[in-house]
Amino acid sequence: MTTTPVAGRTTTVAARATDLSKIYGQGETQVVALDRVSVDFRQAEFTAIMGPSGSGKSTLMHCVAGLDTFSSGSVRIGDTELGSLKDKQLTKLRRDKIGFIFQAFNLLPTLTALENITLPMDIAGRKPDQQWLDTVIQMVGLKDRLSHRPSQLSGGQQQRVAVARALASRPEIVFGDEPTGNLDSRSGAEVLGFLRNSVRELGQTVVMVTHDPVAAAYADRVVFLADGRITDDMYGPTADSVLDRMLHLSGGTPQTPGFDAKGRTS
């Protein structure tokens, strides 16, 4: 396994991007979405990725998660180099080693909550580890909702199902793309609390793209992007410290689109 020294200790790396570039178009229409980005995401750590609109944060997550191709550089999940995989191998890796949580809940309306949670493993022909599954369901508070279909659940409950589905197979890493974007502040705080607890109590690895400083404050670490490059790396973030950094990246005014002066999303 790949390891890297951090603050005097050695920690296993769950995912690593090295000199990662993503270029769209050619000639005058060429857009460099990622410009030689190198970053590690360590096991049992909650990392938030932030940056102004168009900074490349979602592109970085999609490339590291194997959801999008990259132009140059390398991406590793554990010891597996993604660039060397064929489509079928990449699909298997995403199914077996990666969990996903999106802004849209992506639940199948005809299945119960429990069936939605176990669906990826059912497709793979694998039985869930019942003890782990029970732990995840208990953590996200769905024990009394397992027989309900999505239409019978609130938005917050549906996203809890999506979180449980991402964690149920005990993946090496979970990626969240604005996972609280469709939720009210209370439901969003619950989901972020579940993700944080999955890291602290279950040893899960979580990488989340967000535009919200309050959401980023739930993470152990925040990686900042601007113009396709990593500009900063913050540990122990608070909503205020993240907002200050974001305002600096965006030009330093409280009127930056997406935030008000107190860091609330607008």
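See the structure above.
A brief report on the enclosed structure follows. Since the structure is predicted, the reported quantities are computational estimates derived from the model, not experimental observations.

Some remarks on the nonpolar core
And step 1. Counting residues in hydrophobic clusters, the biggest one holds 42 residues, and the most contacted among them are F46, I117 and V242.
And step 2. A per-element tally of this core places helix α5 (residues 155–168) first, with seven residues.
And step 3. Apart from residues lying up to four places away in sequence, I117 is in contact with L133, I137, L142, L146, V161, A164, R165 and A168.
And step 4. If you look at the next biggest cluster of nonpolar residues, it comprises 27 residues, including L34, M61, V64 and V75.

Points about the packing of helix α4 (residues 130–139) against α5
And step 1. At a minimum axis distance of 10 Å, the contact between α4 and α5 shows a crossing angle of 155°. Taken together, the axis directions place α4 and α5 in an arrangement best described as roughly antiparallel. Handedness of the crossing formed by α4 with α5: right-handed. Between α4, through W132, L133, V136 and M139, and α5, the contact on the second element is made entirely by A164, L167 and A168.
And step 2. Its residues assigned to classes, the contact of α4 with α5 shows seven nonpolar, no polar and no charged.

Comments concerning the sheet that holds strand β7 (residues 98–102)
And step 1. Taken in spatial order, the six strands make up an open sheet running β7-β8-β9-β4-β10-β11, and their pairing is mixed. Where the open sheet ends on each side, the last strands, each with one partner, are β7 and β11 (229–235). With strand direction ignored, the average angle separating the axes of adjacent strands in the sheet is 20°.
And step 2. In this sheet, strand β9 (residues 206–209) lies alongside strand β4 (residues 46–50) in parallel orientation, the contact comprising four bridges. Its bridge partner being in β9, I49 is matched across the sheet by V209.
And step 3. Packed onto the sheet, helix α1 (residues 57–64) meets β4, β8 (173–177), β9 and β10 (221–226) and runs at close to 150° relative to β8.
And step 4. Together, β4, β10 and β11 form the strand contacts of helix α8 (residues 239–249), whose direction differs from that of β10 by roughly 10°.

Notes on the pairing of β9
On a regular strand, each side chain points to the face opposite its neighbour's, so the side chains alternate between the two faces of the sheet.
And step 1. Burial along β9 is two-sided: the face carrying V206 and M208 and the face carrying V207 and V209 are both buried.
And step 2. Bridging between β8 and β9 involves four bridges; their strand directions are parallel. Its bridge partner being in β9, V174 is matched across the sheet by V206.
And step 3. Handedness of the β-α-β unit built from β8, helix α6 (residues 185–200) and β9 comes out right-handed.

Some details on the environment of L146
And step 1. Inspection of the secondary structure puts L146 in the loop between α4 and α5.
And step 2. Sequence-distant contacts of L146, defined by excluding residues within four places in its chain, comprise T112, A113, L114, I117 and I137.

Focus on the side chain of T47
And step 1. Here T47 shows up in strand β4.
And step 2. Here T47 falls in the buried class, since its relative accessible area comes to 0%.
And step 3. Those residues in contact with T47, other than ones at most four positions away along the chain, are F41, V206, V207, M208, A219, R221 and V223.

A look at the pattern of salt bridges
And step 1. Going through the model one piece at a time under the given rule, you end up with 14 salt bridges.
And step 2. The salt bridge involving D35 is made with R229; its shortest N-O contact spans 2.7 Å. Highlighted residues: D35 in strand β3 (residues 31–42) and R229 in strand β11, separated in sequence by 194 residues.
And step 3. The salt bridge involving R126 is made with D96; its shortest N-O contact spans 3.5 Å. Here the residue R126 occupies a position in the loop between α3 (113–124) and α4, and D96 occupies one in helix α2 (residues 87–97), the gap between them amounting to 30 residues.
And step 4. Relative accessible area serves as the criterion here: at 21%, D96 is assigned to the partly exposed category.

Definitions and cut-offs
- Residues numbered from 1 in each chain as written.
- Predicted model: local features only at pLDDT ≥ 70, side-chain atom pairs only at ≥ 80, totals over all residues.
- Heavy atoms only, no water.
- Core = buried A, V, L, I, M, F, W, Y, C linked by side-chain atoms within 4.5 Å.
- Buried < 20%, exposed > 50% of the residue type's maximum accessible area, 1.4 Å probe, protein only.
- Helix = DSSP H or I, 4+ residues; strand = E, 2+ residues; numbered from the N terminus.
- Contact = heavy atoms within 4.5 Å.
- Axes fitted to C-alpha atoms, helices over the stretch in contact; angles between N-to-C directions.
- Parallel < 35°, antiparallel > 145°, perpendicular 65-115°, else oblique.
- Left-handed = near helix turned anticlockwise from the far one by under 90°.
- Nonpolar A, V, L, I, M, F, W, Y, C, P; charged D, E, K, R; others polar.
- Pairing = 2+ DSSP bridges.
- Right-handed = clockwise from strand over helix to strand, strands pointing away.
- Salt bridge = Lys/Arg side-chain N within 4 Å of Asp/Glu carboxyl O.

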